[in-house]
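Results of the structural survey
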Amino acid sequence: EWCVRRKDYNNAEALLIAIQSHLHPRIDNYKDLLIDLVSQRALLLSRQEKFSEAKSLLREQITKCKAVQQWNPAGRLLLQLALVLLDADRAQYAMALPPLLESLTLSKAHGMKGLHAAALSVLAQTHVRMGKAKRAIAILQSTLPSLLQREHVWLQAEAYRTLSHC
């Protein structure tokens, strides 16, 4: 992930291949690791602006997660899909709403407070793009405590960046 965020795409690809080659179905959390690899590959593809590949990869994995009722990974992948859709076309924020709202619904239904806070912070980003800064501020003010307690530092930074744009 850090290689991708630093735009070191060659090393990120090499690491993904190396990790994938060491995976074996007998590993206890094999399925979780595969989902993480899909997530990281989708992040890499979106940063390389291969949005259609990232979207199809995420949609395929979301379908698999839902089929076996893996709600937490499904919700996280839906959130990532929303972020990819927001990155793909900065002006078309409406395309990101269906997966984002589905992530919010799943996180609420299954008590995933951190994911819910993360999805709300992304919803605040869409409100900023719609020109509704006051609504974005309200969402972020209510979400930040939970986000700071439970979620990844990158999502926390994105929330503060969104707040600075208001």
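What you see is a predicted model, and the numbers here were worked out from it, not measured in a lab.

Let us now look at the overall build of the protein. For the protein, the count of helices and strands is nine helices and zero strands. A compact globule built from 166 residues should have a C-alpha radius of gyration of about 15 Å, and the protein, at 16 Å, falls within 12% of that. Considered along the principal axes of its C-alpha atoms, the protein spans approximately 50 × 35 × 25 Å. By the burial criterion, 40% of the 166 residues in the protein qualify as buried. Pairs at least 24 apart in sequence give 54% of the contacts found in the protein among residues at least 6 apart.

So, about the nonpolar core. Grouped together as the largest cluster of nonpolar side chains are 37 residues, with contacts concentrated most on Leu58, Leu77, Leu79, Leu100, Val122 and Leu147. Counting residues per element, the ones that place at least two in this core are α3 (30-47), α4 (51-67), α5 (71-88), α6 (97-109), α7 (113-129), α8 (133-150) and α9 (153-164). Broken down by element, this core gets its largest block of residues, ten residues, from α5. If near-sequence neighbours (up to four positions away) are discounted, leucine 147 is found in contact with Ala117, Ala118, Ser121, Leu155, Gln156 and Ala159. If you look at the next biggest cluster of nonpolar residues, it comprises eight residues, including Val4, Ala12, Leu43 and Leu44.

Structurally, the position occupied by serine 107 is in helix α6. Judged by its relative accessible area of 1%, serine 107 falls in the buried class. In terms of polar contacts, serine 107 uses its side chain to reach the backbone carbonyl oxygen of leucine 104, at 2.9 Å. With residues near it in sequence (within four places) discarded, serine 107 still touches Met112, Leu115 and His116.

This part covers the environment of alanine 133. The residue alanine 133 is located in helix α8 in this model. Each C-alpha atom of the pair alanine 133 and leucine 163 lies 8.6 Å from the other, and the pair is 30 residues apart in sequence. Residues within four places of alanine 133 in sequence aside, it is in contact with His127 and Cys166.

Now for the packing of α5 against α7. Packing of α5 against α7 brings their axes to within 10 Å, and their N-to-C directions diverge by 15°. Put simply, α5 runs roughly parallel to α7. When the axes of α5 and α7 are compared, the crossing they make is left-handed. Contacts from Asn72, Gly75, Arg76, Leu79, Leu83 and Leu86 of α5 reach α7 at Leu115, Ala118, Ala119, Val122, Gln125, Thr126 and Arg129.

Each value, and the rule that gives it
- Residues numbered from 1 in each chain as written.
- Predicted model: local features only at pLDDT ≥ 70, side-chain atom pairs only at ≥ 80, totals over all residues.
- Heavy atoms only, no water.
- Helix = DSSP H or I, 4+ residues; strand = E, 2+ residues; numbered from the N terminus.
- Rg over C-alpha atoms; globule rule 2.2 N^0.38 Å.
- Buried < 20%, exposed > 50% of the residue type's maximum accessible area, 1.4 Å probe, protein only.
- Contact = heavy atoms within 4.5 Å.
- Core = buried A, V, L, I, M, F, W, Y, C linked by side-chain atoms within 4.5 Å.
- Polar contact = N/O pair within 3.5 Å; in protein donor to acceptor, adjacent residues only side chain to side chain.
- Axes fitted to C-alpha atoms, helices over the stretch in contact; angles between N-to-C directions.
- Parallel < 35°, antiparallel > 145°, perpendicular 65-115°, else oblique.
- Left-handed = near helix turned anticlockwise from the far one by under 90°.

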